[in-house]
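These are the residues of each chain, in order.
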Amino acid sequence: MDDIKYTPTRPAALTYDADKDYGTPRSDSDVMVTLNIDGVDVTVPEGTSIMHAAQLGGVTVPKLCATDSLEAFGSCRLCLVEIEGRRGYPASCTTPVAAGIKVKTQTPKLADVRRGVMELYISDHPLDCLTCAANGDCELQDMAGAVGLREVRYGYEGENHLGQAKDESNPYFTFDASKCIVCSRCVRACEETQGTFALTIQGRGFDSKVSAGNQNFLESECVSCGACVQACPTATLMEKTVIAAGTPEHSVTTTCAYCGVGCSFDAEMKGEEVVRMTPTKAGGANHGHSCVKGRFAWGYATHADRITTPMIRKSIHDPWQKVGWDEAINYAASEIQRIQARYGKDAVGGITSSRCTNEEVYVTQKLIRAVFGSNNVDTCARVCHSPTGYGLKQTLGESAGTQTFDSVMKSDVIFVMGANPTDGHPVFGSLMKRRLREGAKLIVADPRAIDLVENSPHIRADYHLNLRPGTNVALISALAHVVVTEGLVKEDFVKARCEWDSFVAWRDFVAKPENSPEALAKDLGLEPQKVREAARLFATGGNAAIYYGLGVTEHSQGSTTVMGIANLAMATGNIGREGVGVNPLRGQNNVQGSCDMGSMPHEFPGYRHVSDDETRALFEAAWGVTLSADPGLRIPNMLDLAAEGSFKAVYCVGEDIAQSDPDTQHVTHALESMECVIVQDLFLNETAKFAHVFFPGASFLEKNGTFTNAERRISPVRKVMSPKNGLRDDGKHEAGLEDWEITARFSEALGYPMHYTHASDIMDEIAALTPTFNGVSFKKLDELGSIQWPCNDEAPAGTPTMHVDEFVRGKGKFFVTQYVPTTEKVNGKFPLILTTGRILSQYNVGAQTRRTENVVWHPEDKIEIHPHDAEDRGIQEGDWVGVSSRAGQTVLRAKITERVQPGVVYTTFHQPETGAKVITTDNSDWATNCPEYKVTAVQVSKVNQLSEWQKDYRNFSDTQIELSGMDPQTVVS
């Protein structure tokens, strides 16, 4: 946390310690108040509690129900104090400071009261401290010592709660009601921090107890975020890993490797064993909160499926040969050299991943440009947020979101389009829900009723624009039409900040009658009046922020919609300050970073075009080679040319294109057609089953580097254990390698040494060559915790809000966004539209989360179908149904729900056997080739067996697992 801003008259410079619990939240008031606590004058912001002020003054007041991550509650009665001139003993957590008051925290009477209170707690608590999992890490134990409790006069006879049964249903933590002191911290954490309201205090007096809705935790509405576990002051809620392994003895702060929120965690360790992951209070993106994935689903790092030995083979029909690092790397290098000598340098390329660190991505793209000799490098952002990069670069001048996550707390209107924050970005989703509970208005544009529409407690969307899939541009045009024709444009902002000619062209376009909500009603499937009201709310409701996701980008007009969103934000003046902005919710942990680092075939790091002579000369001087000025191949181009026979080899680092990319059968045919596929990953994923070389990668717990989240926050990734990829089945042991080290050794084998000794050296090079990163270093990250780029001489501490005084491109530019309906049409054969999305417990292709207990919540992907469509087809809940499209067929189990509208079906894509990408077509965004995952015409019908593709997949997958030496019956698929 930052230091408090104190007045010059303040007697002492008191600062916040991020590791300390001050009992109640801090006050941000600029008005300062001085009081006396135990004879010492303390000056704090108005609104601060006496407990918090005492802690700042170096005085510790006993407490059990209080913690600074929650609002004061005042139930435990341990924190009582005396205030001169006032009667009684007020609770210091709920009593605010006042100028001139004199507070005593330690008197004989207070000591007696506190011991008496503690006696009552202990008289109804198991005395198993020596064998309790929380021994040494228990606030109840600490407070018993703090108040000097030495005996319990009441004895342990009579009615008590010691016989309460444990709830072991949750796979990650236990609930032991016999140890519960009913402090309500878990209930308040569930309400205030997470916003799920799954827990309550049931009963009164002696019968009071914590209840998960009269259900066990697994069957309840609990989302296993861990907030209750973290808040619990006793062993009532306890991680099973701590019960099994014991109390951690040291910790290392690192960054979660799941979604684009980029939560900071303390990896709490015993030696090299992770015991638990605790969200860091000082985390800039998460402020001590977490979700089920980051908090608990890290066990994949030590899963038995991990490949820890390099492997090579001549053909995908051959058994894998386990070899040492030198042999594997030299073999891969010789294959690249052979292929380039025969087919030319453009016959090879590489794919980076958003799951890798910035440093790893940078080194990989450097290898491809400087050593392979072409710009044939692309990244998984191609299939998710490449339209964000294009659209925001064109309109605002920078390929990134404009705000911090915290900015949402100053929003008055929140517009969520094509995103599902509570499932895809749950920690930010919780923050957004908090602001909505405070009164912010909500507009949701989504074909499906996500939780924010009406399924979250105390939250309901003011407008749910459940448009038909594929009509995003039409919706944005209709909203803009209302803004323009009803005089809601902020012309002062536009004249000062934007290109006026571009605005006039856009204004005249959207004002046309054909762009009105009435004219577009048939395409949208929306009531025109609802669209008009939503537009008015957005334009006039105060600070309005737009948050969007893959439901915007994964369309044939994805880039057009992104530009339309930017147009709308500029026209209403909602950009350049807190509470507003254009905010893409990046799906993976380092999508932003992988793009920043130059993973696209037309851009060097920092989004500078490869054809720019000055930029190219800069990199040529640093790297000592001549670089190509021609943009390279995108992933779809690589696959098309591979299928045709001219693209022969690919180096794929951390990406699984065989499961994640569209038209699976085309992807696998392309992989089969290549002469050398090199995969660097943790597991034998779907792409690795087509590989000839396998480099075992390192998990995020085994490496140093940085991730950049959706708010441009660069956060440290720190090694907490040695890389596991040095283990060999032949009894020999080699030193494990971080992923950048593997790429560097590969480069050296190809004749180009990379002289790095640590990931920090790579960041130093990035900073030297990339203007927006000039001020970034590992040293600065250690000092500040995280940094939002741009970070340079003009902004040495980073840039929380972009485009404050002017846009990066100078003047904002409006673009005419003509609605062009997708060519993917429904008809009599394919009458339904399939759209896709994610679920809370699983992550992307599921390679990590399927190897954790998260499968308890989502063991299979299902197809959601509206009751009317199900009835028409004779489909009942749980039936197996065939889903057929123009591209292929798969079979899924049916889930009947009104979350989807008639004519629309929906599925997730976390299981490889689901085959969701088998049925998606090759339609893609006009500007970036981002696939149109969200619009596929399909038919759904009852079946009684798997599809032919699924049968073939099972046979092929089992064979490949056997060829690796593993047992198909034990490998997670």
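For the structure given in this document, a descriptive report is provided here. (Residues numbered from 1 in each chain as written. Predicted model: local features only at pLDDT ≥ 70, side-chain atom pairs only at ≥ 80, totals over all residues. Heavy atoms only, no water.)

**Remarks on the pairing of strand β18 (residues 441–445)**
Part 1 of the argument: Most of β18 sits inside the fold, with 4 of its 5 residues counted as buried.
Part 2 of the argument: Both strand β17 (residues 413–417) and β18 contribute to a ladder of 5 bridges, which runs parallel. Of the residues in β18, the one forming a bridge with Val416 is Val444.
Part 3 of the argument: Here 3 bridges tie β18 to strand β19 (residues 463–465), and the two strands are oriented parallel to one another. (Buried < 20%, exposed > 50% of the residue type's maximum accessible area, 1.4 Å probe, protein only. Helix = DSSP H or I, 4+ residues; strand = E, 2+ residues; numbered from the N terminus. Pairing = 2+ DSSP bridges.)

**Remarks on the state of the cysteines**
Part 1 of the argument: Applying the stated criterion across every chain, the model contains 0 disulfides.
Part 2 of the argument: Unpaired in this structure, Cys225 has its nearest cysteine sulfur neighbour in Cys228, at a distance of 6.3 Å.
Part 3 of the argument: Since its relative accessible area comes to 8%, Cys225 is described here as buried.
Part 4 of the argument: Unpaired in this structure, Cys595 has its nearest cysteine sulfur neighbour in Cys384, at a distance of 7.1 Å. (Disulfide = S-S within 2.5 Å.)

**Quick look at the pattern of salt bridges**
Part 1 of the argument: Scanning the entire structure with this criterion turns up 46 salt bridges.
Part 2 of the argument: One salt bridge connects Asp128 with Lys179, and the closest N-O pair in it is separated by 3.2 Å. Of this pair, Asp128 sits in the loop between α2 (108–123) and α3 (139–146) while Lys179 sits in the loop between β6 (173–176) and α4 (185–194); the two residues are 51 residues apart in sequence, bridging distant segments of the chain.
Part 3 of the argument: A relative accessible area of 8% places Lys179 in the buried class.
Part 4 of the argument: Notably, a salt bridge pairs Arg338 with Glu335, separated by 3.0 Å at the nearest N-O pair. Within this pair, Arg338 and its partner Glu335 are both found in helix α8 (residues 325–343), separated by 3 residues, close to a single helical turn.
Part 5 of the argument: A cluster of three or more residues bridged by salt bridges with shared partners is formed by Asp137, Glu239, Glu268, Arg276 and Arg295. (Salt bridge = Lys/Arg side-chain N within 4 Å of Asp/Glu carboxyl O.)

**Some words on unusual backbone geometry**
Part 1 of the argument: In the segment running from Trp789 into Pro790, the intervening peptide bond is cis, with an omega of 0 degrees.
Part 2 of the argument: Tracing the backbone through its elements, the reader meets Pro790 in the loop between β29 (787–788) and β30 (832–836).
Part 3 of the argument: We note that Asn214 has phi near 60 degrees; this positive angle belongs to a residue other than glycine.
Part 4 of the argument: With respect to the helices and strands, Asn214 occurs in the loop between β8 (209–211) and α5 (227–231).
Part 5 of the argument: With a phi angle near 50 degrees, His287 is a residue other than glycine that sits in the positive phi range.
Part 6 of the argument: Mapped onto the elements of the fold, His287 is located in the loop between β12 (273–279) and α7 (292–296).

**Some points on helix α25 (residues 664–673)**
Part 1 of the argument: Within α25, the full set of buried residues consists of Thr664, Val667, Thr668, Ala670 and Leu671. Seen along its axis, α25 keeps its buried residues to an arc of 155 degrees; they face one direction.
Part 2 of the argument: In this fold, the buried residues of α25 make contact with α23 (635–644), α24 (657–660), β25 (676–681), α30 (916–919) and α31 (948–963). (Arc of directions from axis to C-beta. Contact = heavy atoms within 4.5 Å.)

**Points about the packing of helix α14 (residues 472–485) against helix α16 (residues 500–510)**
Part 1 of the argument: At a closest axis distance of 8 Å, the pairing of α14 and α16 adopts a crossing angle of 105 degrees. By the angle between their axes, α14 is roughly perpendicular relative to α16. Across the interface between the two elements, Ser477, Ala480, His481 and Val484 from α14 touch Trp506, Arg507, Phe509 and Val510 from α16.
Part 2 of the argument: Here the contact of α14 with α16 is built from residues that sort into 5 nonpolar, 2 polar and 1 charged. (Axes fitted to C-alpha atoms, helices over the stretch in contact; angles between N-to-C directions. Parallel < 35°, antiparallel > 145°, perpendicular 65-115°, else oblique. Nonpolar A, V, L, I, M, F, W, Y, C, P; charged D, E, K, R; others polar.)

**Here's the deal with α23**
Every α-helix carries 3.6 residues per turn, so stepping three or four residues along brings you back to the same face.
Part 1 of the argument: Within α23, burial applies to Ile635, Met638, Leu639 and Ala642. For α23, the arc enclosing every buried residue in end-on projection is 95 degrees, short of the 170-degree limit, so these residues lie on one face.
Part 2 of the argument: In the core, the buried residues of α23 are packed alongside β15 (348–352), β16 (377–379), α24 and α25.

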